[in-house]
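So you can see what is in the structure, the chains are spelled out below.
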Amino acid sequence: MKNNKKTKLLILGSGPAGFTSAIYAARANLNPVLITGKSIGGQLTQTLSIENWPGNFPYVTGPKLMERLRNHAVYFNTQIINDTIIKIINFKKSPFILKGNLFNFTCKSIIIATGSYPRFLGLPSEKKFLGKGISYCAICDGFLYRDKVVAVIGGGNTALEEALYLSNISSQVHLIHRKNDFNAEKILIDKIKIKIKEKKIILHTPYVVKKILGDNTGVTGIKIFSVNSKNIKIIKLYGIFILIGSIPNTILFKQKLKLNKQGYILTNNKNFFTQTNIPGIFAAGDVMDNIYRQAITSAATGCMAALDAQKFLNKN
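The following refers to the structure shown. Computed from a predicted model, the values in this text were never measured in an experiment.

All right, on to the layout of surface pockets then. Computed from the structure, the second largest pocket encloses a volume of approximately 200 Å³. Partitioned by chemical class, the residues of the lining of the second largest pocket number seven nonpolar, seven polar and one charged.

Let's shift gears to the sheet that holds strand β8 (residues 134-135). Within a sheet, neighbouring strands are paired by backbone hydrogen bonds and run either parallel or antiparallel to one another. Spatial strand order, β8-β15-β9-β10-β11: five strands in an open sheet with parallel pairing. Looking at which strands have only one partner, the edges of the open sheet turn out to be β8 and β11 (201-204). The sheet contact formed by strand β9 (residues 149-153) and strand β15 (residues 239-242) spans four bridges and is parallel. From the neighbouring strand, V150 faces β15, where its bridge partner is G239.

Attention now moves to the packing of aromatic side chains. For the coordinates displayed, the defined rule picks out eight aromatic pairs. Aromatic side chains F91 and F96 sit 5.9 Å apart centroid to centroid with 70° between the ring planes, which places their arrangement in the edge-to-face category. Just as F91 is buried, F96 falls in that class too. One cation-aromatic arrangement involves K5 over F103; the distance from NZ or CZ to the ring centre is 4.6 Å. Across the ring face of Y238, the terminal group of K148 is positioned such that the distance to the ring centre comes to 5.4 Å.

This brings us to the pairing of strand β14 (residues 232-236). Pairing of strand β13 (residues 218-226) with β14, which is carried by five bridges, proceeds in the antiparallel orientation. Residue pairing across strands places I222 opposite I235, the latter belonging to β14. Following β13, the chain reverses through five residues before pairing antiparallel with β14; K230 in that reversal takes a positive phi of roughly 65°.

Take the sheet that holds β14 next. Across the sheet, which stays open at both edges, the three strands sit in the order β12-β13-β14 with antiparallel pairing between neighbours. Only two strands of the sheet have a single partner each, and these edge strands are β12 (207-215) and β14. Taking each pair of neighbouring strands and ignoring which way they run, the sheet shows an average axis angle of 25°. Of the pairings in the sheet, the one linking β12 to β13 comprises eight bridges and is antiparallel in character. When the sheet's bridge partners are listed, D215 is paired in β13 with G218.

Rules behind the numbers
Residues numbered from 1 in each chain as written. Predicted model: local features only at pLDDT ≥ 70, side-chain atom pairs only at ≥ 80, totals over all residues. Heavy atoms only, no water. 1 Å grid on protein atoms, 1.4 Å probe; cavity = no way out; pocket = protein on both sides within 12 Å on 5 of 7 lines; lining within 4 Å. Points joined across faces, edges and corners; volume = space filled by probe spheres on them. Nonpolar A, V, L, I, M, F, W, Y, C, P; charged D, E, K, R; others polar. Pairing = 2+ DSSP bridges. Helix = DSSP H or I, 4+ residues; strand = E, 2+ residues; numbered from the N terminus. Phe/Tyr/Trp six-rings, centres within 6.5 Å; stacked < 30°, edge-to-face > 60°. Buried < 20%, exposed > 50% of the residue type's maximum accessible area, 1.4 Å probe, protein only. Lys NZ or Arg CZ within 6 Å of the ring centre and 35° of its normal. Axes fitted to C-alpha atoms, helices over the stretch in contact; angles between N-to-C directions.

Here is the structure:
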């Protein structure tokens, strides 16, 4: 097969799960090959401040943490290839064969750590103003809205973190959440409350987005309505950051692996916690975790997947 690369262990994804599994696999002399995918470093590269990565206090930036993880994997001789898998040729049993944009890969075992991507509101106006006032990453685009009014939509850790970040850049942040309670860490909620008292953040709960308003210059406002009273508000602003969760990158694995209703890969085989329904194929990180979705838990499952893969390869 032309441009074919063979390896004992192929790792798909370059986030905390992928690089951690590479570190453990390389130390076990499995000579892993890691395929970065389109988003090198994963979603963490868009995070300005990580305050809960053990040992890195008071904080570490996402890009810096991913650089360290990558260098750690390279130090133990992980082969890193900037390619993207576009087709699965054989997933029935080992050896597995996958097709990338640049190479074809044959391997005895696989760790899938392809992560997830932002969830959309699904409004026609959302598509219309994408890149013209609508963003899914405040760290990436927040500087464009210095001293301007913006909105953040969401109620999880990411939404609150980026609302706090924007509150130091923008003149005012409207935080819109469809529930009364936040699904976020208490320390973040406490920080949000302080910003609310300072009137840097204006809270709208429980409200949902009805329409995004704008003209040929871009976003000019947002129309929201109350879940309880159906009261409608129109807020004039210049930027909207949509942070309502994520969707696992598992499109390639549909009809190949067992997924749950949300599209996450199902694992927890009786012999290997991270093994999928196919022996020799393992999953780690956000692609299989729709509960915790933390950088540290992604790294932990990456470690587990590497240890499971090592046991599998030793037996086979």
